[in-house]
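What the coordinates show
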Amino acid sequence: MSSLLRRPFSLLPVSLILAGAVALPGMVQASAEIPADNSEVSVSPEISTKVVLLLGRREISVIRDGEKLGPWPVAIGDPRTPTPTGVFKVENKVINPQYQSTKSGRVNPAIGVASPLGDRWIGFLQSGQNQFGIHGTPWPYWVNAKAAVTNGCVRMLHAHVRQLFDVVEVGTTVEILR
């Protein structure tokens, strides 16, 4: 009887494996049971996760392995600075982000829940100096009102953005629909 070893691996095109590549953005992550004698391999994909933002309803959800988390209310971009639509990927995640104005360059000294970005940031689109993201806010009224008041970002209540932050990874799909 051969012994099985559990090893995580990445599914890459053969030419990249042969070239010695070990990581690429957007590659499929999987784990496999690899027999010690390499006679048989079974693959089980990682958990499938997607963030879905419905601008018309002003709510965000996570679809994770076919199950829905949420929806949670959000504040979105105002008509002059709308939240972008389309399919994006989570580019970065930050705990206790610090806000810096792209117009003046001024840094807001507040961090944590008192910061204009709250205590969680999930960036999904870089556009020049600006980055669009999903974040907390010290102004829960606008989220509860599902207002269109932001410069394009998506504001969430602190408890909700923390839940979202904990279930998404860099590379997770973010789908924003009208």
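A short tour of the structure in this document, coming up. Quantities reported herein were computed from a predicted structural model and do not represent experimental measurements. (Residues numbered from 1 in each chain as written. Predicted model: local features only at pLDDT ≥ 70, side-chain atom pairs only at ≥ 80, totals over all residues. Heavy atoms only, no water.)

**Here's the deal with a nonpolar patch on the surface**
Taken together, the side chains of Trp139, Tyr141, Trp142 and Val149 define a hydrophobic patch exposed on the protein surface, amounting to about 420 Å² of accessible area. With respect to the helices and strands, Trp142 occurs in helix α2 (residues 140-144). (Patch = residues over 30% accessible without salt bridge, like charges linked within 9 Å, V, L, I, M, F, W, Y side chains within 5 Å. Areas by Shrake-Rupley, 256 points an atom, 1.4 Å probe, with all protein chains shown as cover. Salt bridge = Lys/Arg side-chain N within 4 Å of Asp/Glu carboxyl O. Helix = DSSP H or I, 4+ residues; strand = E, 2+ residues; numbered from the N terminus.)

**Structural notes on the environment of Val62**
Looking at where Val62 falls in the secondary structure, it is placed in strand β5 (residues 59-64). Expressed as a C-alpha distance, the spacing of Val62 and Val174, which sit 112 residues apart in the sequence, is 9.2 Å. Setting aside its immediate chain neighbours within four residues, Val62 contacts Thr49, Lys50, Val51, Glu67, Lys68, Leu69, Trp72, Leu164 and Val167. (Contact = heavy atoms within 4.5 Å.)

**A closer look at the side chain of Ser61**
Inspection of the secondary structure assignment puts Ser61 in strand β5. Those residues in contact with Ser61, other than ones at most four positions away along the chain, are Lys50, Val51, Val52, Lys68, Leu69, Gly70 and Pro71.

**Some thoughts on the pattern of salt bridges**
Taken as a whole and judged by the stated rule, the model has six salt bridges. Notably, a salt bridge pairs Arg57 with Glu59, separated by 3.4 Å at the nearest N-O pair. Residue Glu59 is joined to Lys146 by a salt bridge in which the shortest nitrogen-to-oxygen separation is 3.9 Å. Taken together, the positions of Glu59 in strand β5 and Lys146 in the loop between α2 and β12 (148-150) put the pair 87 residues apart, joining distant regions of the chain.

**Quick look at unusual backbone geometry**
The peptide bond linking Gly70 to Pro71 adopts the cis configuration, its omega dihedral lying at 5 degrees. Within the element layout of this structure, Pro71 appears in strand β6 (residues 67-73). Although it is not a glycine, Arg58 sits at a positive phi angle of roughly 55 degrees. Tracing the chain through its elements places Arg58 in the loop between β4 (49-54) and β5. With a relative accessible area of 27%, Arg58 lands in the partly exposed category. A positive phi angle, close to 55 degrees, is found at Lys146, a residue other than glycine. (Buried < 20%, exposed > 50% of the residue type's maximum accessible area, 1.4 Å probe, protein only.)

**A word on the sheet that holds strand β9 (residues 92-95)**
The strand order across the open sheet formed by four strands is β9-β10-β11-β13, and the pairing between neighbours is mixed. The open sheet has two free edges, formed respectively by β9 and β13 (154-155), since each of these has just one partner strand. For strand β10 (residues 120-127) and strand β11 (residues 130-135), the ladder comprises six bridges, and the chain directions are antiparallel. Its bridge partner being in β11, Ser127 is matched across the sheet by Asn130. Lying over the sheet, helix α3 (residues 158-167) contacts β9, β10 and β11, oriented at roughly 70 degrees with respect to β10. (Pairing = 2+ DSSP bridges. Axes fitted to C-alpha atoms, helices over the stretch in contact; angles between N-to-C directions.)

**Side note on the nonpolar core**
In terms of nonpolar packing, the biggest core is built from 23 residues, with Val51, Ile60, Ile134, Met156 and Leu164 touching the most fellow members. At the level of secondary structure, the elements contributing two or more residues to this core comprise β4, β5, β10, β11, α3 and β14 (173-177). Among the elements that line this core, the one with the most residues is α3, at four residues. (Core = buried A, V, L, I, M, F, W, Y, C linked by side-chain atoms within 4.5 Å.)

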